[in-house]
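Structural overview for review
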Amino acid sequence: MNSSTVRRLTWPLRRLQTLLAAAVLITAGLPAAAQMGPVPQDIAPLNPPFEMPQLKRPTFPNKSFNIRDFGAREMNNDRDNMITDAVHQAIDAAHQAGGGRVVIPAGKWLSGSIHLKSNINLHIAEGAEVLFSTDKDDYLPVVPQRHEGVEAYNYAPMIYASEVENVALTGQGLLNAQGDHWWEWFEEHGAPPRAKMTQVPLSRRGWGKGAGVEGMRPSFIVFWKSKDILVEGVHLLDTPMWNVHLIYSENIIVRDVDINSLRAPNGDGVVVDSSKNVLIEYNHFQTGDDAVVLKSGMNEEALEIDIPSENVVVRHFEAKNVRTGSGGVVFGSETSGGLRNIYVHDAYFDGSDRGIRFKTERGRGNVIENIYIRDVTMKNITYEAINFNSFYTGPEATGVAPTVRNIDIRNVTIDTVPTAISLIGLPEKWLENITLSNIKVTNAEMGARIVRVKNLVMNDVTIESDSLAMTVDDSYEVHFNNVNLSDNVSGGPLRLEGRYTGAIYLNGGISEEDVQLGTGVSEEVINPETPEQAW
């Protein structure tokens, strides 16, 4: 049975699963802003533990251009009522006038791809619903973009901004991508192997509609090589693939956006992709993939481009029923340009597959570093609450190994999870300098598994689990400061394994009597003398 046949056979089941997930969410009556409260009008100062500029909304001339004045008519199932041309005429008029606000007023509208220009605020008024066409020809010509970490010429997104400055998408209206036809098309055709594409120049690679490849869906909203960007207030529904995708861009604010992509395969919420100086705040996510995700391109191509995602603040947000193995805030898996200087705080995850997730693998290379996460509440997590996975697609991946270091996670509450914490480094490139402070875990089936980590510090960590509370395997310089473990297993809640395990320091909480020693692990690895003490 070939892969396309398998996709066609499994598609109805997957669609049923996503529909059921959406129905459960609706019947549960989960209010969008239950945890965050009202969204303040003013943007609070940024205070990350690294240097980055303060960000402010772009400003526009006090001029308004209503698409009705350019011939737009509400939809009535008649393609003659497509508003694409009217929107572009309004954008052109505003642009020629020096900028302003292009208004899509209350009503039901049908559109193809909308392309923004500099100094334009596209405003989707409250009561407006823009339904995007189900005819793929309405997303031609193809445009440059990045598809799953690899550059391509592909169908245009629903809203696209290329090499613009001072641009915004605002309002309280609804943008409905009507993604079903894109998902079915993807399931029919699939996509070529992207890892091979990174080894072929863009002009010659068989990747994207521009190369005649079927099945590659565009993202909903893309900002490409642009700066001074605002996305605020809008509601997004049923994206073809990723929702808000920021590529090679800078000085960006995404706030008070409501995203529902529960039915969408790969329906990531906000994707920061080789972009810098970004604020993401007060957003509500119900997504069919990662809620907020930091990326920087894949393998050889992105290693050569070498543009990191950096100087990013993600704060005051919630993710509920995030599905398909994904997480509330995720780093990777496409990290070949590097990730650095990321500050995440004040987040609430309920019913997500994972909470805080790092995913990378051999071939990605580069460095993930200086990540700070604070004040996160998680409940009803499906897999792991805190997960570092260096074997994202499996141990068979080859190429240069990535470095993951200087990660500081504090003030996290986890309630009801199969596995609370999983930190897994590569044999040739261990995780380095990981700090977990003030972490409280209750109702866990499994506690923590630590594999190939150098210089792990745990401060004030409490884990209550059914099975073994913690396993440390092939890890060195592990500092337990006031760490309390409890489980239902005899023999002690902490087990040390691995020939390279050593320098385990116990300082309050766990005692030596709480430790199980695996084969070949000596009790001498616990609380060894430091060179200063030996002297």
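Because the structure is predicted, anything quoted here is derived from the model rather than measured.

**Examining the overall build of the protein**
- A count of helices and strands for the protein gives 6 helices and 35 strands.
- Relative to a compact globule of 535 residues, whose C-alpha radius of gyration would be 24 Å, the protein shows 24 Å and is just as compact.
- Referenced to the eigenvectors of the C-alpha coordinate spread, the extents of the protein come out at roughly 80 × 55 × 45 Å.
- Within the protein, the fraction of its 535 residues that count as buried is 59%.
- If you take every contact in the protein between residues at least 6 apart in sequence, the share linking residues at least 24 apart comes to 72%.
- Carbon and sulfur atoms make up 46% of the accessible area of the protein, which totals about 20,600 Å².

**Points about a negative patch on the surface**
- A cluster of acidic residues, E512, E513, E523 and E524, forms a negative patch at the surface.
- Checked against the element boundaries, E512 lands in the loop between strand 34 (502-509) and strand 35 (515-517).
- The exposure class of E512 is partly exposed, given its relative accessible area of 44%.

**A look at the pattern of salt bridges**
- One pass over the full model with this rule turns up 24 salt bridges.
- Between R263 and D180 there is a salt bridge, and its shortest N-O distance comes to 2.9 Å. Linking R263 in the loop between strand 17 (258-261) and strand 18 (270-273) with D180 in helix 3 (residues 180-189), this pair joins segments that are 83 residues apart in sequence.
- Given the relative accessible area of 23%, D180 is considered partly exposed.
- The salt bridge involving R354 is made with E384; its shortest N-O contact spans 2.5 Å. Placement of R354 in strand 25 (residues 354-359) and of E384 in strand 27 (residues 384-389) is noted, with a sequence separation of 30 residues between them.
- Relative accessible area serves as the criterion here: at 12%, R354 is assigned to the buried category.
- Salt bridges sharing partners connect three or more residues here, namely R57, E232, R255, E281 and R315.

**Some words on the pairing of strand 18**
- By the alternation rule, side chains of strand 18 split into V270 and V272 and V271 and D273, which are all buried.
- Bridge count for strand 15 (residues 244-247) against strand 18 is 4 bridges, and the pairing is parallel. Across the sheet, the residue bridging to V244 is V270, located in strand 18.
- Pairing analysis gives 4 bridges linking strand 18 to strand 21 (residues 292-295), with the strands arranged parallel. Bridge pairing links V272 to L294 in strand 21.

**Here's the deal with the nonpolar core**
- With 116 residues, the main nonpolar core has L423 and F480 as its most contacted residues.
- Sort the elements by how many residues they give to this core and strand 28 (residues 403-424) lands first, with 9 residues.
- The residues contacting F480, other than those within four sequence positions of it, are M458, M470, V472, L494, I504, Y505, L506, N507, G508 and I510.
- Core analysis: the second largest hydrophobic core is formed by 11 residues, F50, I253, L279 and Y343 among them.

**As for the side chain of R217**
- Looking at the element boundaries, R217 is found in the loop between helix 4 (194-197) and strand 12 (221-224).
- Of note is the side chain of R217, whose polar atom sits 2.6 Å from the side chain of N266.
- The residues contacting R217, other than those within four sequence positions of it, are H147, N154, W182, W183, W185, F186, P240, M241, P265 and N266.

**Here we look at the packing of aromatic side chains**
- Counting across every chain of the model gives 11 aromatic pairs.
- Judged by centre distance (5.2 Å) and plane angle (65°), the ring pair of W224 and Y248 falls under edge-to-face. Here Y248 lies in the loop between strand 15 and strand 16 (250-255) and W224 lies in strand 12, a separation of 24 residues in the sequence. Take W224 and Y248: they sit in the same class, and that class is buried.
- Put simply, the rings of Y139, Y155, W182 and W185 pair up and form one aromatic cluster.
- For K136, the ring lying beneath its charged end belongs to W182, and the centroid distance is 5.1 Å.
- The side chain of R217 reaches across the aromatic face of F186, ending 4.0 Å from its centre.

**Quick word on helix 2 (residues 84-96)**
- In a regular helix each residue adds 1.5 Å, so 13 residues correspond to 18 Å; helix 2 covers 18 Å between its end C-alpha atoms and thus fits that length.
- Here helix 2 has its buried residues at T84, A86, V87, A90, I91 and A94.
- For helix 2, the elements touching its buried residues are strand 1 (64-66), strand 2 (100-104), strand 3 (107-111), strand 4 (114-115) and strand 5 (120-124).

**Here's the deal with the confidence of the model for the protein**
- In this model, the protein carries a mean pLDDT of 92, and residues with pLDDT of at least 70 account for 92%.
- Confidence over residues 21-34 falls short of pLDDT 50; this stretch has 19 contacts with residues more than four positions distant or in other chains.
- Low pLDDT, under 50, characterises residues 531-535; the predicted model gives this stretch 2 contacts beyond four residues in sequence or across chains.

Cut-offs used in this document
- Residues numbered from 1 in each chain as written.
- Predicted model: local features only at pLDDT ≥ 70, side-chain atom pairs only at ≥ 80, totals over all residues.
- Heavy atoms only, no water.
- Helix = DSSP H or I, 4+ residues; strand = E, 2+ residues; numbered from the N terminus.
- Rg over C-alpha atoms; globule rule 2.2 N^0.38 Å.
- Buried < 20%, exposed > 50% of the residue type's maximum accessible area, 1.4 Å probe, protein only.
- Contact = heavy atoms within 4.5 Å.
- Areas by Shrake-Rupley, 256 points an atom, 1.4 Å probe, with all protein chains shown as cover.
- Patch = residues over 30% accessible without salt bridge, like charges linked within 9 Å, V, L, I, M, F, W, Y side chains within 5 Å.
- Salt bridge = Lys/Arg side-chain N within 4 Å of Asp/Glu carboxyl O.
- Lys, Arg positive; Asp, Glu negative; His and termini not counted.
- Charge placed at Lys NZ, Arg CZ, Asp CG, Glu CD.
- Pairing = 2+ DSSP bridges.
- Core = buried A, V, L, I, M, F, W, Y, C linked by side-chain atoms within 4.5 Å.
- Polar contact = N/O pair within 3.5 Å; in protein donor to acceptor, adjacent residues only side chain to side chain.
- Phe/Tyr/Trp six-rings, centres within 6.5 Å; stacked < 30°, edge-to-face > 60°.
- Lys NZ or Arg CZ within 6 Å of the ring centre and 35° of its normal.
- Expected span 1.5 Å × (residues − 1).
- pLDDT = per-residue confidence, 0-100.

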